[in-house]
Amino acid sequence: MIDVINLKKSYGNLEVLKDITVSIKEGEKVAIIGPSGSGKSTFLRCLNCMEDPTSGSIIFEGVDIADMKVDINIYRRDMGMVFQQFNLFNNKTVIENIMLAPVYIGIHDLNVKKFKNFFIKIKNIFAMKKTPLYEINTSKEKIKAEARENAMRLLKRIGLEDKADVYPSTLSGGQKQRIAIIRALAMNPKVILFDEPTSALDPEMVGEVLDLIKQLAEEGMTMVIVTHEMGFAREVATRVLFMDGGRILEDSTPEEIFTNPQNPRTKEFLSKVL
Amino acid sequence: MGNFDKKLMKFWEIFYTNKGYTKVLIGLRNTLCIATLGLFIGIVIGTIIAGIKVMPKYKKLPKILEKICDFYVGLFRGTPVVVQLLVAYFVVLPLIGIKLTPLTVCILVFGLNSGAYVSEIMRSGIMSVDHGQMEAGRALGLSYRVTMLKIVIPQAVKNILPTLGNEFIALIKETSVVSFVGASDLYVAFSYIGSNSYEFMVPYLAMALIYIVLVMIIASLVKVMERRLRKSDRRN
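Residues numbered from 1 in each chain as written. Chains lettered and ligands numbered in written order. Predicted model: local features only at pLDDT ≥ 70, side-chain atom pairs only at ≥ 80, totals over all residues. Heavy atoms only, no water.

**What about the sheet that holds strand E1 (residues 2-11) of chain A?**
Residues and elements named next belong to chain A.
For step 1, the next point in the chain: Pairing in this open sheet of four strands is antiparallel, and the strands run E2-E1-E4-E5 from one edge to the other. The open sheet has two edge strands, strand E2 (14-24) and strand E5 (63-64), and neither has a second partner.
For step 2, the next point in the chain: Note that E1 and strand E4 (residues 55-60) share five bridges and pair antiparallel. By the bridge assignment, Val-4 is partnered in E4 with Ile-58.
For step 3, the next point in the chain: In the packing of helix H1 (residues 40-47) onto the sheet, contacts are made with E1, E2 and E4, and the angle to E1 comes to roughly 120°. (Pairing = 2+ DSSP bridges. Helix = DSSP H or I, 4+ residues; strand = E, 2+ residues; numbered from the N terminus. Contact = heavy atoms within 4.5 Å. Axes fitted to C-alpha atoms, helices over the stretch in contact; angles between N-to-C directions.)

**Quick look at the confidence of the model for chain B**
For step 1, the next point in the chain: With 97% of its residues at a pLDDT of 70 or more, chain B has an overall mean of 87.
For step 2, the next point in the chain: Taken over the whole predicted complex, pTM reads 0.80, whereas the ipTM for its chain interfaces reads 0.87. (pLDDT = per-residue confidence, 0-100.)

**Looking at the sheet that holds strand E8 (residues 222-226) of chain A**
Strands in a sheet are paired, the pairing made by backbone hydrogen bonds, and the direction either parallel or antiparallel.
All names here are of chain A.
For step 1, the next point in the chain: What the six strands build is an open sheet, ordered E6-E7-E8-E3-E9-E10; its pairing is mixed. Each edge of the sheet is formed by a strand with only one pairing partner; in this case those strands are strand E6 (79-82) and strand E10 (247-252). With strand direction ignored, the average angle separating the axes of adjacent strands in the sheet is 15°.
For step 2, the next point in the chain: In this structure, E6 lies alongside strand E7 (residues 191-195), joined through four bridges in parallel fashion. Bridge assignment links Met-79 to a residue of E7, and that residue is Val-191.
For step 3, the next point in the chain: Across the sheet, helix H6 (residues 203-218) touches strand E3 (29-33), E7 and E8, and the angle it forms with E8 is around 145°.

**Comments concerning the layout of surface pockets**
For step 1, the next point in the chain: As a volume, the largest pocket reaches approximately 1,200 Å³.
For step 2, the next point in the chain: Surrounding the largest pocket, 34 residues form its lining, A:Asp52, B:Pro56, B:Tyr58, B:Arg138 and B:Tyr144 being those nearest its centre.
For step 3, the next point in the chain: Put simply, the parts of the chain that give the lining of the largest pocket at least two residues each are helix H2 (72-76) of chain A together with helix H3 (60-77), helix H5 (102-128), helix H6 (131-139) and helix H7 (144-174) of chain B.
For step 4, the next point in the chain: Considering every element that reaches the lining of the largest pocket, the biggest residue donor is H6(B), with four residues.
For step 5, the next point in the chain: Tallied by class, the residues present in the lining of the largest pocket amount to 20 nonpolar, two polar and 12 charged.
For step 6, the next point in the chain: Considering the residues around the second largest pocket, the lining is formed by 19 residues, among which A:Pro102, A:Ile105, A:Gly106, A:Ile143 and A:Glu146 are closest to the centre. (1 Å grid on protein atoms, 1.4 Å probe; cavity = no way out; pocket = protein on both sides within 12 Å on 5 of 7 lines; lining within 4 Å. Points joined across faces, edges and corners; volume = space filled by probe spheres on them. Nonpolar A, V, L, I, M, F, W, Y, C, P; charged D, E, K, R; others polar.)

**Topic: the pattern of salt bridges**
Oppositely charged side chains can form a pair if their charged atoms are brought close together.
Residues and elements named next belong to chain A.
For step 1, the next point in the chain: Counted according to the given criterion, the structure contains 18 salt bridges over all chains.
For step 2, the next point in the chain: For the salt bridge of Lys-214 with Asp-211, the shortest nitrogen-to-oxygen distance reads 3.9 Å. Of this pair, Lys-214 and Asp-211 both sit in helix H6, three residues apart, which is roughly one turn of the helix.
For step 3, the next point in the chain: The partly exposed category is assigned to Asp-211, whose relative accessible area is 42%. (Salt bridge = Lys/Arg side-chain N within 4 Å of Asp/Glu carboxyl O. Buried < 20%, exposed > 50% of the residue type's maximum accessible area, 1.4 Å probe, protein only.)

What follows is the structure, encoded as structure tokens:
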């Protein structure tokens, strides 16, 4: 699903990622672990080009999205992202947060189709061979209603339907992060990238967020998770990458990595954190 | 205080009986006109410049545009507004051969001048919005422009509204120099009354009062607007 080939990223003279080649398949739950400054967050952010790779390519669904000529926005719709700092839109209510992107993108696509149809109609007047019109079976109202329904369904799922019309500033960290997760889900992504989703949370709220991620994993969502929660990585992940110094040093199953690490750096790191 | 009574009488005679108040009203209108239109032009120019300055600089064009903006901001912040007025009216206009009324010149110069200040206000407003907001929008597949317009700028405006109110107040006060190029404002009106009654104490006192009242009204309007925009910060 995502093929990373010879990915390099440097900030000025500082080389953060040194030649990473890895392939993530559909349905995999990949946990990335490693010490601070090892480049794991940067690697994750390169996957949806939040950081532009210095060189190398990222093939998502057969397209190299690291290419600057590609319209990255189209591919990001299929790659959800959850941030350490939640990043809910502060000027929007909870339900607006969830609905904003589906509604905007739905209406935008509808307008593009209408625009194209308009020209096809004009062309059809003169052309011998009629071009078929794009099929339009939706309307602005329908898109909005569907998005709202979907948002309410997702909110019910996490038991926060009564918070639909409040602003994010009134929510706890755990609530914010769960809403950020369903905001990503509302786009029906093919993969979700989690950037240390529980690192900014109070200890008592970590559980509720991890439970939601676990549920998604069980439903078969493809996910890449940068995390410091070793227990969680071991339980949920189907594959663990250990990163240090901008390289993937070990790539194996959680059992293998946590019980029988091969690389000395992995051994050292795990002995410190476990 | 018998003296003050007499002065008040004299002022009233010119102000009311000799219809000095019409001049004051015209002056008030001009002052408000220059400040409001000036701020409007300033906000338009300032937003454009701030937009250019915060744009990511991958391509060449934004870099060139930024240099031009820097020059503009430097020029208008580096000279007093009186000098700008005089240069515009007595140097630039005759050189390019366009005739404009003093009032129009004042509006344009104050607009250009406040554009330089507003651009910095806007820029700091946009920078004050957490970068994560932009990232979250982009990660959902929204474009830079849409995220900027729907998420970042509304939050920036909320942050800068008090400062923008201050800029408006500063503009109102600065308009008292427009008589340099012959536009009539409050100062012109009251010094007319003063020189006709050979008495300046009451007219200038009245002028000061009008400025204070104007500024207080604007300040309270800004407060009301701010409270409305703070809606999303309130805990309920």
